[in-house]
Amino acid sequence: MGDADITLRHIARRFPDDLACVFVPEDRSVEVLGWIDTQVTKLERRLDKALRLRVGAELRVLHVEFCFALRDDVPDQMFEYLGFLFSALRREAPGAPVPPIESVAVVLSGRRRRLPATGKRRTSWRGRPFSGAHFRVDAVYQRTMAELRARGSVFWLVFAPLTRDATAAAMREVVAEISARAATVEERIELYTALLVMAAIDPWGHNLRKELVMLMEDRETEKKLLRTIPIIEEMLAEAEQEGAKVAAQEAARAGAQKAIAELLGRLFARRVGRQPTAEEERSIVERAQAIGPGEVEDALLDLDSDALVRWLAEPIRR
């Protein structure tokens, strides 16, 4: 997860109530008592995303993991973290019952087909009653903008670039809403940072990071502050250079194709005794792209003129 994990861990600690309310479905009062900090979490730092809650009169624990994708090893990790967490809570209050724990994997990217709402790690033998652990799956990248807004928190808006229906127009609204609702300049910068990091994941190929960078550039104060964060400075600089880089790459690609076509065209003329037709020239270029110019050059040098003409007229074997 790298930068995304670090960014989300940090922003989640600023909005614990907004994180917790989404995962407590009952219509009961929810009080966040704080983040769990024990000797075990000092060893296993990823457990610092465990919240101590009071739901009604009951103590509970919410453990949230941000996952780049629901890989095959995620159930193992969730089970392992649950074990660490249970052990930490038990050591913290010997003899007292461990509060019930709910684990949630917030998934940022993956397959297009719907992910299951629940994951599990089975530890019992096949054919025996289930033993192990279940965890909730929140495939946030499969949500819509409307679903994120319904969560009622500016925290969840940072995931907007991941949604199925994210658009440039929607990003303008999100940036404006963050600007209006953030409590402080520092909070606004942190939300913008998370927004840009999520846009870099881009699970649906929306390519909205450039649009977001342009929106940041329209806000000079935020832009200056964002540039003090190394990862964001890198993103901003990369986005600024992207247009020129793409244009240069396209020009270089076109130039290379032209050079290859001219070189191989001369070899064809030398072998066959005439210039290639437009169709033959197109076949030469397409074959060079499909199988490599070296293979085409070998054919131009090795085949006799009739065999070469027939070869160029045949379907390309990739």
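Predicted model, so just to flag it, every value in this text is computed and none were measured.

Peer 1: Before we move on, can you summarise the pattern of salt bridges with the specific residues and values?
Peer 2: All chains considered together, the criterion is met by 17 salt bridges. Via salt bridges that share partners, R14, E186, E187 and E190 belong to a single interconnected network.

Peer 1: Quick one: what's the story with helix α12 (residues 278-291), residue by residue and with numbers?
Peer 2: Helix length check: α12 (14 residues) gives 20 Å between terminal C-alpha atoms against 20 Å at 1.5 Å per residue, within 8%. Taken residue by residue, α12 has E280, S283, I284, V285, R287 and A288 as its buried positions. A positive phi of about 100° marks G292, the residue just after α12.

Peer 1: Explain a negative patch on the surface residue by residue, including any values.
Peer 2: On the surface, a cluster of negative charge is made up of E295, E297, D298 and D302. Here E297 lies in helix α13 (residues 293-302).

Peer 1: A description of the pairing of strand β2 (residues 50-55) should follow, citing residues and the corresponding values.
Peer 2: The two faces of a sheet get side chains in turn, since along a regular strand they alternate between them. One ladder, built from 5 bridges, connects strand β1 (residues 30-35) with β2; its direction is antiparallel. Paired with W35 across the bridge in β2 is L51. In the sheet, β2 pairs with strand β3 (residues 58-67) via 6 bridges, with the strands oriented antiparallel. Looking at the pairing, L53 lines up with R60 of β3. Counted between consecutive antiparallel strands, the loop separating β2 from β3 contains 2 residues, among which G56 sits at a positive phi close to 65°.

Rules and cut-offs
- Residues numbered from 1 in each chain as written.
- Predicted model: local features only at pLDDT ≥ 70, side-chain atom pairs only at ≥ 80, totals over all residues.
- Heavy atoms only, no water.
- Salt bridge = Lys/Arg side-chain N within 4 Å of Asp/Glu carboxyl O.
- Helix = DSSP H or I, 4+ residues; strand = E, 2+ residues; numbered from the N terminus.
- Expected span 1.5 Å × (residues − 1).
- Buried < 20%, exposed > 50% of the residue type's maximum accessible area, 1.4 Å probe, protein only.
- Patch = residues over 30% accessible without salt bridge, like charges linked within 9 Å, V, L, I, M, F, W, Y side chains within 5 Å.
- Areas by Shrake-Rupley, 256 points an atom, 1.4 Å probe, with all protein chains shown as cover.
- Lys, Arg positive; Asp, Glu negative; His and termini not counted.
- Charge placed at Lys NZ, Arg CZ, Asp CG, Glu CD.
- Pairing = 2+ DSSP bridges.

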